[in-house]
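The chain contents come next:
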Amino acid sequence: MTKLQTTGVEEIRNSFDSAVRKYQNQLTEIESLQEKIGGEFNQDLQGLINDSTDEIEAACHNFETNCYGSPTELKGIKTEFRKAISPWYSKSYLMTRATTKPRGFPGDFMLLERIYDNVPVLDSSQGIGMYLDRWFLDSHLALAVRNRKDYMRNLLVSRLNERKDRAFNILNLASGPCREWQELPSSLNLKNVKLTCVDIDQEALDYLRTNLNELEESGLELVTANENIIKMALRKKEETEKKYGLQDLVYSIGLFDYLPDSMLAKVISRSYDLLKENGSMVLAFKDREKYQTTRYDWLTDWNFQPRNEQTATEFLEKNGFKHDQMNVSRELLNTIIFYEITKR
């Protein structure tokens, strides 16, 4: 047992270990029932998965809240926990991809596409994995991420309609699959619109180019750049402007939750430099007050920079953005904060 420094640590650890064994037994029983039922979806089994997984999430939260070991000790316990549940979680496409991060970073383009689809990955998830997929898709942040995409899609429609026929340049940083563009209405006029997508993952860029082909045929000028956003931010302003040109809109809806303040400041500053006068920059942040981090941290090793509206606003003001430049809003679940900053 690890030597966590807190009163009653042995009792707390024993209680946690007991909860893990109970969860393993529950997963074994559910899997047995699933094998008897077969491949057809069963709502009662989904209820059992939901209840048992919510219960172990609470046990993980209680353990972390009441034990004060070193970060290294706690990290090791979380790793042990994920190993303990891997015989079942490995059968879930979504749980596995979120945990193993096959593209080298969390929230890759294909995982996002599956979250947007909001359907268990039946061609990859086996048996009980289908129900774990569904639990994942019904989680609070999965819904918020779908809302985030819808919010950005609607904002794009609004800005593109407002421009009339004038040329309009848009820069999408850490673009991922560009689902917000995939879902634009076919009637939208894209003549004289230039979209530049920057992403570190060439597969994501290849994917979005294939999926935005119809928009290109409708007049969209699409440019892709395989580049590390951090390196882009560290480059001289003149070099970045020469490569990408000035923009009417710069946005990123997933990247900033992973960047510490020191690096975030550089990325936002360089993004702002690329705006034309009266151009706007759209930033999205998850509000730590609106969701429980345990299920993402413990179950899939998926973590975000802890921010809320107060700390995000203070950060932006500290970095030179004035209150009257910022329009603050949220998606329907009220969990993701959007800042639209106008260059003046």
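Residues numbered from 1 in each chain as written. Predicted model: local features only at pLDDT ≥ 70, side-chain atom pairs only at ≥ 80, totals over all residues. Heavy atoms only, no water.

Chemist: Sorry if this is basic, but what is going on with the overall build of the protein chain here?
Modeler: Each helix and strand counted, the protein chain has 15 helices and seven strands in total. Counting only C-alpha atoms, the protein chain reaches 65 × 45 × 30 Å along its principal axes. Here the protein chain, with 344 residues, has 51% of them falling under the buried criterion. Taking the intrachain contacts of the protein chain between residues at least 6 apart in sequence as the baseline, contacts between residues at least 24 apart amount to 76%. The protein chain carries 46 positive and 53 negative side-chain charges, and their two centres are separated by 5 Å. (Helix = DSSP H or I, 4+ residues; strand = E, 2+ residues; numbered from the N terminus. Buried < 20%, exposed > 50% of the residue type's maximum accessible area, 1.4 Å probe, protein only. Contact = heavy atoms within 4.5 Å. Lys, Arg positive; Asp, Glu negative; His and termini not counted. Charge placed at Lys NZ, Arg CZ, Asp CG, Glu CD.)

Chemist: Where do I start with helix 13 (residues 261-273) in this structure?
Modeler: Three or four residues apart is the spacing at which side chains of an α-helix point the same way, because the helix has 3.6 residues per turn. Taking 1.5 Å per residue, 13 residues should reach 18 Å; helix 13 reaches 18 Å between its end C-alpha atoms and fits that length. Of all the positions in helix 13, only Met263, Leu264, Ala265, Val267, Ile268, Arg270, Ser271, Tyr272 and Asp273 are classed as buried. (Expected span 1.5 Å × (residues − 1).)

Chemist: Before we go on, may I ask you to explain the packing of aromatic side chains in this structure?
Modeler: Two aromatic rings are characterised by how far apart their centres lie and by the angle between their planes. Applying the stated rule across the entire model yields 17 aromatic pairs. Note on Phe41 and Tyr131: the rings are 5.4 Å apart at their centroids and 20° apart in plane angle, and the pair reads as stacked. With Phe41 in the loop between helix 1 (9-37) and helix 2 (43-66) and Tyr131 in helix 6 (residues 129-137), this residue pair connects regions lying 90 residues apart in the sequence. With relative accessibility at 37%, the residue Phe41 sits in the partly exposed group. For Tyr131, a relative accessible area of 0% puts it in the buried group. When the centroid spacing of 6.4 Å and the interplanar angle of 20° are considered together, the rings of Phe136 and Trp302 count as stacked. Within this pair, whereas Phe136 is found in helix 6, its partner Trp302 is found in the loop between helix 14 (294-300) and helix 15 (309-318), the two being separated by 166 residues in sequence. Linked through ring pairs, Phe136, Tyr258, Tyr291, Tyr296, Trp302 and Phe304 together constitute an aromatic cluster. One cation-aromatic arrangement involves Arg114 over Tyr93; the distance from NZ or CZ to the ring centre is 5.3 Å. One Lys or Arg, Lys343, reaches over the ring of Tyr272 and ends 5.3 Å from the middle of that ring. (Phe/Tyr/Trp six-rings, centres within 6.5 Å; stacked < 30°, edge-to-face > 60°. Lys NZ or Arg CZ within 6 Å of the ring centre and 35° of its normal.)

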